[in-house]
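Structural overview for review
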Amino acid sequence: MSETRFKRMKDLPSGHLLGSGTPMCAGCGGLEALHEIYDILGEKTVFVNAAGCMTLLSVYPFTPFRGSWLYTAMASAPAGAQGVRDALDILLQKGRMAPTDDLEVVVLTGDGAAYGMGLSATSGAIERGLDFLYVCYDNEGYGNTGQQYSGATPHGARTATSTGARGYPGYKKDLFSILAAHRPAYVATAIGAEPLDLARKVEQAKGLKGPRFIIALSPCPTGWDYDPKDTVEIGRLAVRSGVWPLKEYRDGKVTHTKIPGARLPVEDYLKTQGRFAHLFTPQRNEALLGEIQGRVDAYWQAVG
Amino acid sequence: MTRILLTGNRAAAWGARLARADYLPAFPITPQTEIIETIGSWIDSGEMDCRMATLESEHSMITAAGAAAATGARVFTATSSQGLLYGMEMIYTVAGWRAPFVLVNVSRGLASPLTLEPDHNDVLATRDSGFLQIHCATCQEVLDSILMAYRLGEDARVRLPVIVNLDGFYLSFTREPVETPDPAAVDGFLPPYDPENVRFRASAPLSQAVVVLGGSPYSYFRYESHLAALNALEAHEEIAEEFARTFGRTYGALDTYRTEDAEIVFVMMGSFATKAREAVDRLRQAGRPVGCVRPRLLRPFPEEGLRRALAGKRGVAVIDQNISMGKGGVLYGELASALYGLGQAAPVLVSFIGGLGGRDISAEEFYEMAAVTRSAAEQGTAPPPRLLYTLDELREVRKLQAIAHVERQGLGEES
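Residues numbered from 1 in each chain as written. Chains lettered and ligands numbered in written order. Predicted model: local features only at pLDDT ≥ 70, side-chain atom pairs only at ≥ 80, totals over all residues.

Our next topic: the overall build of chain A. A count of helices and strands for chain A gives ten helices and eight strands. Over its C-alpha atoms, taken along the principal directions, chain A stretches across nearly 70 × 40 × 40 Å. Counting across all 304 residues of chain A, residues that qualify as buried make up 51%. In chain A, of all internal contacts separated by at least 6 residues, the share reaching a separation of at least 24 is 67%. (Helix = DSSP H or I, 4+ residues; strand = E, 2+ residues; numbered from the N terminus. Buried ≥ 20, exposed ≤ 12 C-beta atoms within 10 Å, placed from the backbone. Contact = placed C-beta atoms within 7 Å.)

Next comes the structure, spelled out in structure tokens:
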């Protein structure tokens, strides 16, 4: 990571730009991340939104944003960003808009759209070299409809559509690598519970041109089944257990931005959430716990 | 003014060029592709100051079109058939943004079975979306309608996107002499796009296309779009007058042909209506008082004009180049509702389905439809809807079925 103005926690913005009183759930990890991101991006932005929890941020006639907003549909927010960016460029080039009126175009999407329905539109936007920032709040399921499993759901998690003893049989899709394989300007994973790391990444992304991505793991009290007060703690555990590696891709290279020294056992993280309770009661599912731990260990071994 | 031979597709591209469209979100599909290729080549050669972006689907293409219009650019885009349906979620969505742009649809029948040739089920699927619809019968009309469509959609009373429809193959790939208007005259007719307050600027933050809670605001905004679409009738009349003054060509909401003293009238949309006009001339030569009405506007639907044109006629043959499964012709239903309540003045309506998937409609069939409609008018009752289909065609299909049957049996024996 190059030079940063965010060296210590006290370097983070003290004023907050995003208004309060939104319809997001108490303890929403996605909103936590968005607050931190918006403080750095600022109000000269237009958020192009895909259907998801955060679609409910702007409900007529209210919005927590000081800047602009366009809701599109579930699958095509990156295409909406393409239209806005292209139109701004055209109007600037033809002198029909003051340069001071230019905006940073930001896609705001959940994992349901990002890992699934919207993937084709995202791939297309990278292909076209679209100059935009893409923020995915990843709460590992279709949260707004009651947490059915999505392509982002971790192996073994109980969701509204995987209620059996083994939980979700699939594996969380590696969106970071899928995006990085397109060789965009920037891809990063982040989490609201690590605000300094997140701030640096937003700062990085803001300073670059082209397609830029931030995937923020977003602990979800209602979907993951835990007390809203634990959002920050669960976020930290996701990082310290090695479940959610914090990393970035730039110039063809992947760098881990926060390597957990002594990794905590994965079950320290899993135990905090009702969606994994069936791994522990009525009796411990050693096989599944072992498999999950094994995958995390293998990941970190591979990255050295 | 220059007169050159142009396909319907190239006429559409000329419409976009003369309208000085800023932005072309694109995706190829037969039979539309020539439009985006033509504009693309003009952009490459510097003849047109426009930006083109090929999206990865029509769903994205229509999203980008709406988003660019909502930012304040003049947008042109084009598609056909399956592409229009692939983008259907966004057709409905962007219409509500009240950010006008023009989409050319080159009509092509819908799967299944899959075909490349035209009918109107694709464009009619957008009927209730909030897009206005202009249906064209000639290549000249395609070009002219695009210029009028921008004026109409951008009119302060309207502010809705517009679909300009032309038939695949019959217009898209048919060259006709087309007058390309003088660019300066077009600039006079069509001033630069004023996005008014629908745009994104750092100095004027705006939330667009947000959620509403509850049926009350939802109903309000939906009905407001409906009223705006209705306003387009009056706006179109004014725009058409100005267009006629400027360019010498007149386009009403309805194209009526020899209807004044007609007793029997054909009603149909699109390029096949030119075949109906030809049949009208022949029938007139044979002493039959027949006319033709072609709705150019389908949305808004020119109900009052249709009542004026058709009240007191004896019979109307509605020829639908589409089919609503389980109901019949779409235009037939639309027209019946428009003419309801005319009492004694109501003509007998006879429904025909024809021209599906590019199937031709012959002169003889027009004569037959006129005769059937006349006899229905005399008896005062309409026969059931009828598909235009000949015994020869049926025989051909039976042959294909026989081949399919034999081939399948043959494979069965070999395996």
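Three- or four-residue spacings in an α-helix give side chains the same orientation, since the helix completes a turn every 3.6 residues. Residue and element names in this part refer to chain B. Look at helix H3 (residues 58-71): 19 Å from first C-alpha to last across 14 residues, which is about the 20 Å you get at 1.5 Å a residue. Counted residue by residue, H3 has 14 buried out of 14 residues, so it is predominantly covered. Of the residues trailing H3, Gly72 is marked for its positive phi of about 115 degrees. (Expected span 1.5 Å × (residues − 1).)

The next subject is the confidence of the model for chain B. The pLDDT averaged across chain B works out to 97; a share of 99% of its residues lies at or above 70. Predicted complex metrics record ipTM = 0.97 and pTM = 0.97. (pLDDT = per-residue confidence, 0-100.)

All names here are of chain A. Between the first and last C-alpha of helix H6 (residues 195-206) there are 16 Å, a value that for twelve residues agrees with the 16 Å anticipated at 1.5 Å per step. Here H6 has its buried residues at Pro195, Asp197, Leu198, Ala199, Arg200, Lys201, Val202, Gln204 and Ala205. In this fold, the buried residues of H6 make contact with helix H1 (29-41), strand S4 (132-138), strand S5 (186-191), strand S6 (211-217), strand S7 (246-250) and strand S8 (253-258).

Now for the sheet that holds strand S6 (residues 132-135) of chain B. Residue and element names in this part refer to chain B. Spatially, S4-S5-S7-S6-S13 is the arrangement adopted by the five strands of the open sheet, whose pairing is mixed. Where the open sheet ends on each side, the last strands, each with one partner, are strand S4 (76-79) and strand S13 (297-299). Recorded for the sheet is a direction-independent mean angle of 25 degrees between the axes of neighbouring strands. With four bridges connecting them, S4 and strand S5 (residues 102-107) associate as parallel partners. Its bridge partner lying in S5, Ala78 is registered against Val104. (Pairing = 2+ DSSP bridges. Axes fitted to C-alpha atoms, helices over the stretch in contact; angles between N-to-C directions.)

Moving on, we come to the pairing of strand S11 (residues 264-267) of chain B. Residue and element names in this part refer to chain B. Burial along S11 is two-sided: Ile264 and Phe266 and Val265 and Val267, pointing in opposite directions, are all buried. Taken together, S11, helix H10 (residues 273-285) and strand S12 (residues 290-295) constitute a β-α-β crossover, and its handedness is right-handed. Bridging between S11 and strand S14 (residues 315-320) involves four bridges; their strand directions are parallel. Along S14, the bridge assignment pairs Ile264 with Gly315. (Right-handed = clockwise from strand over helix to strand, strands pointing away.)

Right, let's get into the interface of chain B and chain A. Listed as interface residues are 37 residues of chain B and, on the opposing side, 39 residues of chain A. At the level of elements, strand S2 (23-26), strand S3 (51-54), H3, helix H5 (88-95) and strand S9 (207-208) of chain B are the ones that each hand at least two residues to the side of chain B that touches chain A. Ranked by residue count, the leading element in the side of chain B that touches chain A is H3 of chain B, at ten residues. The residue makeup of the side of chain B that touches chain A, split by class, is 21 nonpolar, eleven polar and five charged. Alignment of strand S2 (residues 68-71) of chain A against S9 of chain B, held across two bridges, turns out to be parallel. Bridge pairing in S9 of chain B places Leu70 of chain A opposite Gln208 of chain B. (Nonpolar A, V, L, I, M, F, W, Y, C, P; charged D, E, K, R; others polar.)

Residue and element names in this part refer to chain B. Mapped onto the secondary structure, Ala244 falls in helix H9 (residues 215-247). Distance in space between the C-alpha atoms of Ala244 and Pro300 is 21 Å, their sequence separation being 56 residues. Not counting residues up to four positions away in its chain, the partners in contact with Ala244 are Arg249 and Thr250.

Pro31 of chain B follows Thr30 of chain B through a cis peptide bond whose omega is 5 degrees. Tracing the sequence through the fold places Pro31 of chain B in the loop between S2 and helix H2 (33-45). That bond from Ala111 of chain B to Ser112 of chain B is cis: its omega, 5 degrees, falls within 30 degrees of zero. Within the fold, Ser112 of chain B resides in the loop between S5 and helix H6 (121-124). Unlike most non-glycine residues, Glu140 of chain A shows phi in positive territory, near 60 degrees. Counting through the fold element by element, Glu140 of chain A comes out in the loop between S4 and helix H5 (175-180). Of note in the backbone geometry, Asp251 of chain A takes a positive phi value of approximately 50 degrees without being a glycine. Tracing the chain through its elements places Asp251 of chain A in the loop between S7 and S8.

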